[in-house]
Amino acid sequence: MIYKAFKLLKYPQGTISQDIFDLVSLPRPTLKEGEFLVKQTYMSLDPAMRTWLQQREDSYLPPVQIGEVMRSYGVGMVVESLNPKFPVDSQVVGITGWAEYVLGHEEMNVVDASLSPEAILSIFYFTGLTAYAGLMKIGQPKQGETLVVTGAAGSVGSLVGQLAKAQGMRVVGIAGSDAKCKWLVDELGFDAAINYKSQNLAEQLKAAAPNGVDIFYENTGGPIQEIVYNQMNRYGRVVVCGVLSDYDNDVPTKGPSWVDINLKSLRVQGFIVTDYAQYSEEAMSTLGRYVAEGKIKFKSHLIEGFDRLPEGLMMLFKGENTGKFIVKF
């Protein structure tokens, strides 16, 4: 039996295009003792994928190498096993790759079969941990404070805003369309949302956050970054989760002045979710409780078809998704 996989053909120069990936057929592997085989059913598309295609060895993960299967996260079913920890018909989640079948590994997690793959990838895996660790462990929210989150209609941003509301904060989301902003306010309960493609952004932010900004959860970069930064309060915290708009640039956009970091006693911290793995159980427990209480909702942007993975990744970087971008096949 053979299966399909996408290998990296060349590194992107600027924006991602379909021609950097090569669709190949691979033989189904023969298992050795301790191994197990997973048939993927749902795969996550994430902004971090662009950083995995950068040729820099000082990042938190080595780049995907030319000729390797593209790295990803996914959910699937164990279809063959020589490992008692991962019996056949178990539902698992973990680091996988752009392939219909993958050899499992010990860092995969068996997850309750009653949990939908959409819920797992949208909340109960790295997406949820990213939102929780960035806000709760780095941002350290306080009731009555104001949070601004960019990429607010994305998977992480939408969770961050809802978590902040559950902590009693005022929440302002930044998104890329009026429809996304309406969803954030009407469906997720944000106090305000701003379309970064509109005019008079600084004035809009002052109206949405009249008491200034205490926590800035940054997912995107771009011109809105300096506007939010300039309205930070003393002792404010800037949580740098991602800078999506800069991942395609050889030379990153120049950031805001460090003067305010000094004079306002700001704390600016970047983070990678895997550095906070020890909080996974705590995060999942908290998120699960909020979901049960109706304080957190999630939305999946689902497309179907394994062959659409490159197309989906390009859609992600154009901001065409609302919620978690997932490919089902």
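Rules used throughout
- Residues numbered from 1 in each chain as written.
- Predicted model: local features only at pLDDT ≥ 70, side-chain atom pairs only at ≥ 80, totals over all residues.
- Heavy atoms only, no water.
- pLDDT = per-residue confidence, 0-100.
- Helix = DSSP H or I, 4+ residues; strand = E, 2+ residues; numbered from the N terminus.
- Pairing = 2+ DSSP bridges.
- Right-handed = clockwise from strand over helix to strand, strands pointing away.
- Salt bridge = Lys/Arg side-chain N within 4 Å of Asp/Glu carboxyl O.
- Buried < 20%, exposed > 50% of the residue type's maximum accessible area, 1.4 Å probe, protein only.
- Polar contact = N/O pair within 3.5 Å; in protein donor to acceptor, adjacent residues only side chain to side chain.
- Contact = heavy atoms within 4.5 Å.

(A) Region of the structure containing the confidence of the model for the protein. Of all residues in the protein, 100% attain a pLDDT of 70 or more, and the chain-wide mean is 96. Considering each helix and strand of the protein separately, the mean pLDDT is smallest for helix α1 (residues 48-51), with a value of 94, and largest for strand β8 (residues 146-150), with 99.

(B) Highlighting the pairing of strand β10 (residues 192-195). Across four bridges, strand β9 (residues 170-175) lies against β10 in parallel orientation. In the strand pairing of β10, Gly173 is matched with Ala193. Crossover handedness for the path β9 to helix α5 (residues 178-186) to β10: right-handed.

(C) A look at the pattern of salt bridges. Going through the model one piece at a time under the given rule, you end up with 13 salt bridges. The shortest N-O distance in the salt bridge between Asp58 and Arg56 comes to 2.8 Å. Judged by its relative accessible area of 58%, Asp58 falls in the exposed class. Across the salt bridge formed by Asp260 and Lys264, the nearest N and O atoms sit 4.0 Å from each other.

(D) Summary view of the side chain of Ser122. Structurally, the position occupied by Ser122 is in helix α2 (residues 117-122). A polar side-chain atom of Ser122 sits 3.3 Å from a polar atom in the side chain of Ser300. Beyond its immediate stretch of four places on either side in the chain, Ser122 contacts Thr127, Gly128, Leu159, Phe298, Ser300, Lys324 and Ile326.

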